[in-house]
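Fold and geometry: a report
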Amino acid sequence: MAKNILICDDAAFMRMMIKDILTKNGYNIAGEAENGAKAVEKYNELKPDLVLMDITMPEMDGIEALKKIKAGDPNAMVIMCSAMGQQAMVIESIQSGAKDFIVKPFQADRVIEAVKKVIG
């Protein structure tokens, strides 16, 4: 069965890129969100197998959204994405419950490797 993935990124072209990579590798896109607040809302509505979450977004950033999702569902699987490979953000993401971290611009094989590692 195809795994359902929620893509959260404020840039439409990034969501499109990620969607393309995932669908070509047999994953199903459960939905998309353009900010952290929408990501939390969509997560609760769709209950995806995995969330790919950008860190820097308007309204609510990815780390805040990650914390809210994990508070509601401790078993939530979230992989963080960010152009800023800042050590502090990576550490905060992992401490907040993220399963992995992908740095932009990302290579398709790195995205798939991270997804496979987390949900198979």
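Look above for the structure.
In this text the structure is predicted, and so the values were computed from the model without any measurement. (Residues numbered from 1 in each chain as written. Predicted model: local features only at pLDDT ≥ 70, side-chain atom pairs only at ≥ 80, totals over all residues. Heavy atoms only, no water.)

1. Remarks on the pattern of salt bridges
Using the criterion set out here, one finds nine salt bridges in the structure. Note that E92 and K67 form a salt bridge whose closest N and O atoms lie 3.1 Å from each other. Taken together, the positions of E92 in helix 4 (residues 87-95) and K67 in helix 3 (residues 62-72) put the pair 25 residues apart, joining distant regions of the chain. For E92, a relative accessible area of 32% gives the class partly exposed. Overall, K67 belongs to the partly exposed group, its relative accessible area being 35%. As a salt-bridge pair, R110 and E113 come within 3.9 Å of each other at their nearest N and O atoms. Linking R110 with E113, this pair stays in helix 5 (residues 108-119), spanning three residues, or about one helical turn. Of the residues examined, E113 reaches a relative accessible area of 49% and is grouped as partly exposed. (Salt bridge = Lys/Arg side-chain N within 4 Å of Asp/Glu carboxyl O. Helix = DSSP H or I, 4+ residues; strand = E, 2+ residues; numbered from the N terminus. Buried < 20%, exposed > 50% of the residue type's maximum accessible area, 1.4 Å probe, protein only.)

2. Observations concerning the nonpolar core
Grouped together as the largest cluster of nonpolar side chains are 21 residues, with contacts concentrated most on I5, L22, L52, I79, V111 and V115. The element best represented in this core is helix 5, accounting for six residues. Residues A33, M57, L66 and A98 belong to the second largest nonpolar core, which totals 20 residues. (Core = buried A, V, L, I, M, F, W, Y, C linked by side-chain atoms within 4.5 Å.)

3. Remarks on unusual backbone geometry
Where the residue is not glycine, phi is negative for most of them; where a peptide bond is considered, it is trans in most cases. With omega at -5°, the peptide bond leading from K104 into P105 counts as cis. Relative to the elements of secondary structure, P105 occurs in the loop between strand 5 (100-103) and helix 5. The phi dihedral of K47 falls on the positive side, at around 45°, and the residue is not glycine. Inspection of the secondary structure assignment puts K47 in the loop between helix 2 (36-46) and strand 3 (50-54). Not every positive phi belongs to a glycine, and E59 is a case in point at roughly 70°. Among the structural elements, E59 can be located in the loop between strand 3 and helix 3.

4. Here we look at the side chain of K104
Looking at where K104 falls in the secondary structure, it is placed in the loop between strand 5 and helix 5. Judged by its relative accessible area of 14%, K104 is buried. Separated by 3.2 Å, the side chains of K104 and D54 make a polar contact. (Polar contact = N/O pair within 3.5 Å; in protein donor to acceptor, adjacent residues only side chain to side chain.)

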